[in-house]
Amino acid sequence: MNSIEIRELTKAYGAHRAVDGLTFDVLPGRVTGFLGPNGAGKSTTMRLLLGLDRPTAGTATIGGRRYLDLPDPLHRVGALLDAQSAHGGRTARDHLRFLAAAGRIPARRVDEVLEQAGMASVAGRRIKSFSLGMRQRLGIAAALLGDPGVLLLDEPTNGLDPEGIIWIRELMRGLAAEGRTVLVSSHLMSETSALADHLVVLGNGKLLADTSMEEFIDARSTRRVRLRTSEPGRLRTALARDGFDLADAADGRWTVEGIQAEQLGNLAAREGIPVLELSDERASLEQAYLDLTADHAQFTATH
Ligand SMILES: Nc1ncnc2c1ncn2[C@@H]1O[C@H](COP(=O)(O)OP(=O)(O)OP(=O)(O)O)[C@@H](O)[C@H]1O
């Protein structure tokens, strides 16, 4: 009852289709990364799901119902859309108390979510003194107020420092492990690969991929290691015996496609070949994402 169903969803602004015939599901119990370049239609999809905009065609439902038809929406769905929208003159605690009262949520939840968002010590400070990262945390605290089974977070890592990013990763993992549905948008593959189990990728309002993170990585990133050795000739011969090719990376290092560091390290050790440096490369994952979305990026030149 907590799954999200998007069916043939379209939103046109004049002649431009911000969302164009989208169909996918977001299932509970896992973190789904909602990826796409700027302008791909992620925020529009979330706004349509929350009933903040009307679709031109198609449906966006939660547990089979439109958001506006949910009997107790704040207990069903928590959303972070625009962290800047909180009233700057209020304190963090007052802001959350106001939201709790409006949503008929018990006041004790305010201190619980402030604690959960790591904001207990700044609860009495005015929001206008908050950094972007603190506003993001406050927005996440607000999304958690109703203890919802579904969470929609639009670019939640915006403005967060590395510690904040780890915090949000753990938080989302925990919420998914409790059986909640977690949809989190981002335009960065590197960030999403570290936190999502499943991926939905948009480009120009259209669905480009709907796949598990593991499948996405396996299908699109070639395994590759980069290494330094004092005996490239011997290593080349040894690798060739197993069908691998040693290629010059032109920085004093070598690369080998289709192998992992562990396998190469074992092979070199067996042959008694010194390896001075050895690492797996995952750069191709970001590249695979950029290749997938390149034709669909609206604002490629500015990013
Ligand atoms: N109210 C609106 N009126 C006209 N065009 C709009 C409106 N809202 C969104 N758009 C357009 O729809 C497209 C999709 O925008 P959207 O904000 O959904 O993308 P996004 O994937 O969330 O991008 P970002 O990562 O920049 O937030 C863009 O071309 C945007 O300019």
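Refer to the structure above for everything that follows.
Calculation criteria
- Residues numbered from 1 in each chain as written.
- Predicted model: local features only at pLDDT ≥ 70, side-chain atom pairs only at ≥ 80, totals over all residues.
- Core = buried A, V, L, I, M, F, W, Y, C linked by C-beta atoms within 7 Å.
- Buried ≥ 20, exposed ≤ 12 C-beta atoms within 10 Å, placed from the backbone.
- Helix = DSSP H or I, 4+ residues; strand = E, 2+ residues; numbered from the N terminus.
- Contact = placed C-beta atoms within 7 Å.
- Pairing = 2+ DSSP bridges.
- Axes fitted to C-alpha atoms, helices over the stretch in contact; angles between N-to-C directions.

Asker: Talk me through the nonpolar core; I want residue IDs and the actual numbers.
Answerer: Residues Leu96, Ala141, Leu152 and Met172 are the most contacted members of the largest nonpolar core, which totals 62 residues. For this core, the element with the highest residue contribution is helix α5 (residues 132-144), accounting for seven residues. Among residues more than four places away in sequence, those in contact with Leu96 are Val110, Val113, Leu114, Ala141, Ala142 and Leu145. Counting ten residues, the second largest nonpolar core, distinct from the first, contains Leu227, Leu235, Leu246 and Ile259.

Asker: Before we move on, could you go through the pairing of strand β1 (residues 4-13) and cite the residues and values that matter?
Answerer: Summarising the sheet, β1 and strand β4 (residues 57-62) pair through five bridges and their orientation is antiparallel. Considered in β4, the bridge of Ile4 is made with Ile62. Strand direction decides the pairing type here: β1 and strand β2 (residues 16-26), joined by seven bridges, are antiparallel. Along β2, the bridge assignment pairs Ala12 with Arg17.

Asker: An account of the sheet that holds strand β13 (residues 275-281) is requested, with residue identities and associated values reported.
Answerer: Read from one edge of the open sheet, four strands run β11-β12-β10-β13, paired in antiparallel fashion. Strand pairing shows two members of the sheet lacking a second neighbour, β11 (246-248) and β13, which therefore form its edges. The mean angle between the axes of side-by-side strands here comes to 30°, regardless of whether they run parallel or antiparallel. Bridging between strand β10 (residues 224-229) and strand β12 (residues 254-257) involves four bridges; their strand directions are antiparallel. Each bridged residue has a counterpart across the sheet, and for Val225 the counterpart in β12 is Val256. On top of the sheet, helix α9 (residues 232-241) reaches β10, β11 and β12; it is set at about 140° to β11, its chief contact. Those strands touched by helix α10 (residues 261-271) are β10, β12 and β13, and its axis lies near 155° from that of β13.

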